[in-house]
Amino acid sequence: MAEVQKVKGVLLDIEKNEAKVVEFEPRLQQYYDLLHCGSIEIVPRNLGYNRSHRRFDIVCDEEGCFKDGNKISAISNL
């Protein structure tokens with residue numbers, strides 16, 4: 001089995017009220033483990049203008065909408 005290249009991301013941990021840079025293999029189970037969930041949604045966003053225009057993927061706990069006492073960690077004006 002081929003080795004999967006690791007990626008870096010910013011984890012917003014709302015349970016611990018902290019943000020940190022994490023490096024992980026982009027596999028489904030890794031996302032579940034990092035977000036403590038069993039279903040995710042990946043939303044692509046383009047940030048920046050002209051030459052700095054970059055694409056980022058935002059990975060969210062899809063189950064959060066169905067949990068009591070859920071916390072909102074970020075909001076978009078879009």
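In case you missed it, the structure is sitting above this.
Read on for an overview of the structure. (Residues numbered from 1 in each chain as written. Predicted model: local features only at pLDDT ≥ 70, side-chain atom pairs only at ≥ 80, totals over all residues. Heavy atoms only, no water.)

## Describing the overall build of the chain
Right, on to step 1. Of the regular secondary structure elements, the chain holds 1 helix and 4 strands.
Right, on to step 2. Evaluated residue by residue, the chain yields a buried proportion of 13% over its 78 residues.
Right, on to step 3. In the chain, of all internal contacts separated by at least 6 residues, the share reaching a separation of at least 24 is 19%.
Right, on to step 4. Surface accessibility of the chain: about 7,000 Å² in total, with carbon and sulfur atoms responsible for 50%. (Helix = DSSP H or I, 4+ residues; strand = E, 2+ residues; numbered from the N terminus. Buried < 20%, exposed > 50% of the residue type's maximum accessible area, 1.4 Å probe, protein only. Contact = heavy atoms within 4.5 Å. Areas by Shrake-Rupley, 256 points an atom, 1.4 Å probe, with all protein chains shown as cover.)

## Focus: the environment of His53
Right, on to step 1. Among the structural elements, His53 can be located in the loop between strand S3 (40-47) and strand S4 (54-61).
Right, on to step 2. In this view, His53 contacts Asn46, Leu47 and Gly48; residues no more than four positions away in its chain are not counted.

## Comments concerning unusual backbone geometry
Right, on to step 1. Positioned with a positive phi, Asn17 is a non-glycine residue whose angle comes to about 55 degrees.
Right, on to step 2. Along the chain, Asn17 falls in the loop between strand S1 (7-13) and strand S2 (18-24).
Right, on to step 3. Phi is positive for His36, which is not a glycine, with a value near 55 degrees.
Right, on to step 4. Its place among the elements puts His36 in the loop between helix H1 (28-35) and S3.
Right, on to step 5. Given the relative accessible area of 52%, His36 is considered exposed.

## Observations regarding the nonpolar core
Right, on to step 1. Of all hydrophobic cores here, the largest spans 7 residues; its members are Leu11, Val22, Phe24, Tyr31, Tyr32, Cys37 and Ile40.
Right, on to step 2. Other than its neighbours up to four places away in sequence, Tyr32 contacts Cys37, Gly38, Ser39 and Ile40. (Core = buried A, V, L, I, M, F, W, Y, C linked by side-chain atoms within 4.5 Å.)

## As for the pattern of salt bridges
Two side chains bearing opposite charge may form a pair once their charged atoms approach each other closely.
Right, on to step 1. One pass over the full model with this rule turns up 3 salt bridges.
Right, on to step 2. Between Asp57 and Arg55 there is a salt bridge whose closest N-O contact spans 3.1 Å.
Right, on to step 3. A residue is classified by how much of its surface remains accessible, and Asp57, at 44% relative accessible area, is partly exposed.
Right, on to step 4. Here Arg55 falls in the exposed class, since its relative accessible area comes to 55%. (Salt bridge = Lys/Arg side-chain N within 4 Å of Asp/Glu carboxyl O.)

## Things to note about the pairing of S2
Right, on to step 1. Where S1 meets S2, 7 bridges bridge the pair, whose relative direction is antiparallel. Bridge pairing links Lys8 to Glu23 in S2.
Right, on to step 2. Remark: 4 residues form the turn of the hairpin made by S1 and S2, two consecutive strands paired antiparallel; Asn17 in that turn has positive phi of roughly 55 degrees. (Pairing = 2+ DSSP bridges.)

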